[in-house]
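Listed below are the residues making up each chain.
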Amino acid sequence: MQQQYPFREIEQQAQQHWETNKTFAAAEDSSKPKYYCLSMFPYPSGRLHMGHVRNYTIGDVLTRYHRMKGFNVLQPMGWDAFGLPAENAAIQNNVPPAKWTDDNIAHMKEQLQSLGFAIDWSRELATCKPDYYKWNQWLFLRMLEKGIAYKKTQTVNWDPVDQTVLANEQVIDGRGWRTGAVVEKREIPGYYLGITQYKEQLLADLNKLPGWPERVKLMQANWIGKSTGVRFAFTHDIRDTAGNLIDDGKLWVFSTRADTIMGVTFCAVAAEHPLATRAAQNNPALAAFIEKCKQGSVMEADMATMEKEGMDTGLQVTHPLTGEPVPVWVGNYVLMSYGEGAVMAVPAHDERDFGFAKKYGLPIKSVIAPSSSVVPAEPKITIAGKEYTPWHVVEGRQWKVSEEEWSDYNTSDGFLADGSGPYWDRLKGMWSGFAREEIGNIFAELGLGGTKVQWRLRDWGISRQRYWGCPIPIIHCDTCGDVPVPDDQLPVKLPEDCVPDGSGNPLHKRADFINCTCPKCGKPARRETDTMDTFVDSSWYYARYASKFSPDAMVDAETSQWMPVDQYIGGIEHAILHLLYSRFLSKVMRDMGLVSYDEPFANLLTQGMVLNHIFSRRTDKGGIEYFAPEEVGLIHDASGKITGARMLADGQPVDFQGMGTMSKSKRNGVDPEYIIENYGADTARFFMMFASPPEQTLEWSDSGVEGSHRFLKRVWAFGQELIKLRNNMDLPLSWSRDEADDETVAFRRVVHVLLKQANFDLSKLQFNTVASATMKVLNALEAFGAHPVMYEQGQLNALLANRQRTFAREEAFRILLAVLSPISPHIAYALWRDLGYGDDILTAEWPEPLEEAMAQDEVTLVIQVNGKLRGNMTVARSLDKEALEKLAPTQPCVQKYLADGASVRKIIVVPNKLINIVVG
RNA sequence: GCCGGGAUGGCGGAAUUGGUAGACGCACGGGACUCAAAAUCCCGCGGUGGCAACAUCGUGCCGGUUCGAUUCCGGCUCCCGGCACCA
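Model, not experiment: these values are computed from the prediction.

Trainee: Even after reading the chapter, I still don't get helix H24 (residues 796-820), so can you show me in this structure?
Mentor: Across its 25 residues, H24 extends 36 Å between first and last C-alpha, which sits within 8% of the 36 Å expected from 1.5 Å per residue. Counting buried positions over the 25 residues of H24 gives 19, a clear majority of the element.

Trainee: Would you mind showing me how to read the packing of helix H20 (residues 681-690) against helix H25 (residues 825-834) here?
Mentor: Axis separation between H20 and H25 bottoms out at 7 Å; the angle between their running directions is 120 degrees. Judged by the inter-axis angle, H20 sits oblique to H25. Residue-level inspection shows Ala681, Asp682 and Arg685 of H20 in contact with H25, the latter providing Pro825, His826 and Ile827.

Trainee: Explain the sheet that holds strand E38 (residues 904-910) here, please?
Mentor: The pairing of strands in a sheet happens through backbone hydrogen bonds and is either parallel or antiparallel. Across the sheet, which stays open at both edges, the four strands sit in the order E37-E36-E39-E38 with mixed pairing between neighbours. Whereas interior strands pair on both sides, the edge strands pair on one side only; in this sheet they are strand E37 (868-876) and E38. For this sheet, the mean inter-axis angle between neighbouring strands, taken without regard to orientation, is 20 degrees.

Trainee: It is not clear to me how helix H22 (residues 742-763) should be interpreted in this structure. Could you clarify?
Mentor: In an α-helix, one turn spans 3.6 residues; hence positions three or four apart end up facing the same way. If you check H22, its first and last C-alpha atoms are 32 Å apart, about what 22 residues at 1.5 Å a residue would give, namely 32 Å. Count one or two residues on from H22 and you reach Leu765, which has phi positive near 60 degrees.

Trainee: Looking at this structure, how should I read the confidence of the model for chain A?
Mentor: The predicted model of chain A has a mean per-residue pLDDT of 88, with 93% of residues at 70 or higher. Throughout residues 374-379 the model reports pLDDT below 50, and contacts reaching past four residues in sequence, or to other chains, amount to 17 contacts. Scored by ipTM, the complex comes to 0.95, with pTM at 0.91.

Trainee: How should the pairing of strand E9 (residues 184-193) be read in this particular structure?
Mentor: Both faces of the sheet carry side chains from a regular strand, because those side chains alternate between them. Pairing between strand E5 (residues 149-159) and E9: ten bridges, direction antiparallel. From the neighbouring strand, Asn157 faces E9, where its bridge partner is Lys185. Direction of pairing for E9 relative to strand E21 (residues 460-461): antiparallel, over a ladder of two bridges. Counterpart to Tyr192 in the pairing with E21 is Gly461.

Trainee: Can you walk me through the pattern of salt bridges in this structure?
Mentor: Taken as a whole and judged by the stated rule, the model has 48 salt bridges. When the shortest N-O distance is used, the salt bridge between Lys587 and Asp205 registers 2.4 Å. With Lys587 in helix H18 (residues 577-591) and Asp205 in the loop between helix H6 (199-204) and helix H7 (214-224), this residue pair connects regions lying 382 residues apart in the sequence. According to the relative accessible area criterion, Lys587 is buried, its value standing at 0%. The class of Asp205 is buried, set by a relative accessible area of 8%. The salt bridge involving Asp237 is made with Arg239; its shortest N-O contact spans 3.2 Å. What emerges from the salt-bridge pattern is a single network uniting Asp205, Lys208, Arg583, Lys587, Arg590, Asp591, Asp598 and Glu599.

Trainee: Quick question: what am I supposed to make of the environment of Phe7 here?
Mentor: As for its position among the elements, Phe7 is in helix H1 (residues 7-20). In this structure the C-alpha to C-alpha distance between Phe7 and Val61, which are 54 residues apart in sequence, comes to 19 Å.

Trainee: How should I be thinking about the sheet that holds strand E6 (residues 164-166) in this particular structure?
Mentor: If you walk across this open sheet you meet the four strands as E6-E5-E9-E21, and the pairing is antiparallel. Only two strands of the sheet have a single neighbouring strand rather than two, namely E6 and E21. Here E5 pairs with E6 via three bridges, running antiparallel. The residue of E6 that forms the bridge with Trp158 is Val165.

Trainee: What is the right way to look at the side chain of His66 in this model?
Mentor: One can find His66 in helix H2 (residues 50-68). A relative accessible area of 12% means that His66 is categorised as buried. Residue contacts for His66: discarding those within four places in its chain leaves Tyr35, Phe71 and Val73.

Trainee: Could you clarify how one ought to interpret the nonpolar core in this entry?
Mentor: In globular proteins that are soluble, nonpolar side chains generally tend to be buried together. Among the nonpolar cores identified, the biggest contains 175 residues, and Tyr36, Phe140, Tyr542, Phe584, Val715 and Phe813 are the most heavily contacted of them. The greatest single-element share of this core, amounting to ten residues, is contributed by helix H23 (residues 767-785). The contact partners of Val715, leaving out residues within four places of it in the chain, are Leu778, Phe813, Leu816, Leu817, Leu820, Ile827 and Leu831.

Trainee: Looking at this model, I keep getting lost on the packing of aromatic side chains. Mind explaining?
Mentor: Overall, the coordinates contain 37 aromatic pairs when judged by the stated rule. Centroid distance Tyr5 to Phe7: 5.8 Å. Interplanar angle 55 degrees. Geometry classified as tilted. Judged by relative accessible area, which is 6%, Tyr5 ranks as buried. What makes Phe7 buried here is its relative accessible area of 9%. Put simply, the rings of Phe41, Tyr541, Tyr542, Tyr545, Tyr568 and Phe601 pair up and form one aromatic cluster. Across from the ring centre of Trp158, 4.3 Å away, lies the NZ or CZ of Arg186, which sits over that ring. In this arrangement the basic side chain of Arg527 is found over the ring face of Phe513, its NZ or CZ atom lying 5.8 Å from the centre.

Rules used throughout
Residues numbered from 1 in each chain as written. Chains lettered and ligands numbered in written order. Predicted model: local features only at pLDDT ≥ 70, side-chain atom pairs only at ≥ 80, totals over all residues. Heavy atoms only, no water. Helix = DSSP H or I, 4+ residues; strand = E, 2+ residues; numbered from the N terminus. Expected span 1.5 Å × (residues − 1). Buried < 20%, exposed > 50% of the residue type's maximum accessible area, 1.4 Å probe, protein only. Axes fitted to C-alpha atoms, helices over the stretch in contact; angles between N-to-C directions. Parallel < 35°, antiparallel > 145°, perpendicular 65-115°, else oblique. Contact = heavy atoms within 4.5 Å. Pairing = 2+ DSSP bridges. pLDDT = per-residue confidence, 0-100. Salt bridge = Lys/Arg side-chain N within 4 Å of Asp/Glu carboxyl O. Core = buried A, V, L, I, M, F, W, Y, C linked by side-chain atoms within 4.5 Å. Phe/Tyr/Trp six-rings, centres within 6.5 Å; stacked < 30°, edge-to-face > 60°. Lys NZ or Arg CZ within 6 Å of the ring centre and 35° of its normal.

Below, the structure is given as structure tokens:
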């Protein structure tokens, strides 16, 4: 009868043992090196999803692995508990966000515990609790004192029907999600954090993060966006109605492509620009257009992809280098809040300007010649004291270029080929890069601007017109203005019994919250009702875990013992915002003397998304109806290829839409609880690690889960078999090569080589091949164990060989359990205990491969002829390169190719790998 | 639109970073066991040609570097993540 795999009992027992022994409580043991392993804390949405399971399994594998490697490990868990979904749930179910959030936390904590994660729950925190968010408020006040936090206007999405601010997520195709009204941009006051004050450090310190993925560092660097360009002014004589020059007669612009300045054919200004306002005063059509520009969301993606529109103001400015008049247009793609609120437009050398010019029939003037078309010439020229080889433009239309090479439009650097004005002599024929520098010099000389470093990064607006967040600790007094809440009145507690109804912030209706007295003058005053962006909460929680949750300090001395985080794990979707804000607040806290590290996360792993099949059908009304994968049966052809799908209930076909991220709306989510119930946590964890490398997307597969389960069943059965054998045989105490037969030596080599590879893969965080290594060990064990050497009475050698076989099998199984234990800890715990290897596998030492077991005196080399595989040969490992070069051409598989009088031209030897013979 | 990433059999993926393409698993096909089914076990499994040995093509597409390219370089296509108020 087949041995059952009682995963429910196994998992319960193991979890019981860990709880009773407080196995996961982080110790203050300073004799071991520390390892702080942190996974991004979850938003308590109600139920765990597979993304969580993946994230926390990765963290747990690293936690358990490092414990066994002898580290003092901290793995905490908490809740990113403020945010919009709680308010949406409140609107839907009429439950206060606080209650909804608390219930969700309770349930999700149970789910996490059922997965057997080695979490130190004594450090659990939730950002919606006053003892946590008090320190958000405290830090905000300190930043206010230092001028890092300040107030200014911000642009928000405004729903004109609901009279409320909308999150970007609540804007769908430019309309409010509940009202369907066209969204408008509106300016309202709000608090900002001056992240731009730290831009240089945030950029430079990326170099201090060798343990971060390159792609994340690149994205952050591009987000901060340091670029050099020229800021300069077009001059004009445009006056307001009172007769004063607007902006002192200067239209300022910034460009990273100042080398194209000779090709400017118009300027575009934002709808709110003073010149646009002036022009609209006696131009109703323009006024209407400016009004229209205010429609739409503030999202950058929307701004960048929307139809570019513009209108001529009728005004003209003067080109500062050529003296020619340049028309001024209003463009809906120019933003008042970015740069100068105005841009120079060069249709010939900028894609966006080109499209705009084509649309409105504006002139296109090519001034940059492609690099391939121009020949270099003497003499050298000097720019800013440095000598350069210039590239002179010759022949033809002033430059040597064929008609094919020349086009109306090219955006690459080249040579200045056309221009005019008093400065043209200094620029003519110059390479774009030098020209940008020289044009900066010219503007500096003219007093009209000059070279300027520009950053893309903007300050961080943290005011949210929402209820379920951390209150901003400010009091508005009619006499004293905006007054910070004194420290001894912190925390400003959020009332927890509000139920939002979708129409604005419910705090506005809470007189008990709003009404207060001014800390300065004592007169009646009003409390600020805006709350903080939830990114503030999540930008420092890692430091709070690492402290002892002192009621008197944001972080305490223990923080420095654990920080920085050794390994941070979370979704790639956080690559920019969350990680950048965390880095920023770390530096702010450092400068306040609260912490001593420059960077909070030493190593970062960004895990990929979890995907599943999407099935749908068009409804009669033209909509799309989604079906859960369990409601659908797949249709295969003879080769196993999926050719279609039909719904199990009615047998009718459904559309198979391929793979997509698990989501409620697509109905393709898989409930971790269901998997744990039916297959066990170990199976869920094993599949998660096995199916895909951590950084890549993971495709869910029911049969893949069953395959993982099947493997664990085999492990369990093998363990039971081993236990049974134990009862009839004394264990050999040590390995003796003299006693072992060749098969055993070969088997042992396979196991140790697999272990070596698994250890290497663990160091690379490539857990899928570690999981597969455990499978390979079991395969080898099963193949090896099936045919033991026959023991015949009186044959001592056979008896000894059998003892070595048993030793090798036990050794291999111990290695298997140890390597499996971080991934599927419960089954490893149970078998380790039952086989008498120790009390808890977590306290065992991590296995290392033995060189002596892997040693081999022969090696099989691949033979290639002209780079193509033609055969192989097994030779003594000691053979040197010269011997191999002599031996290889004599092999039959090579001789074949030398038959037609061809000769050996070259031999390439890759030690212990291959020999390539070049024949010609 | 901009920034970043990805693409390898029917499918998920592997290939120790320029050296045997397809490890391991899934699916599928064949067989054993069974009255039968499930479970389990064994065998096969990139395409084409061939009884076979073997030959040949093959890592999204086009081109390049190299004795040798999934890996490096140039140019594309499609998919995914982010774009500052989802978290």
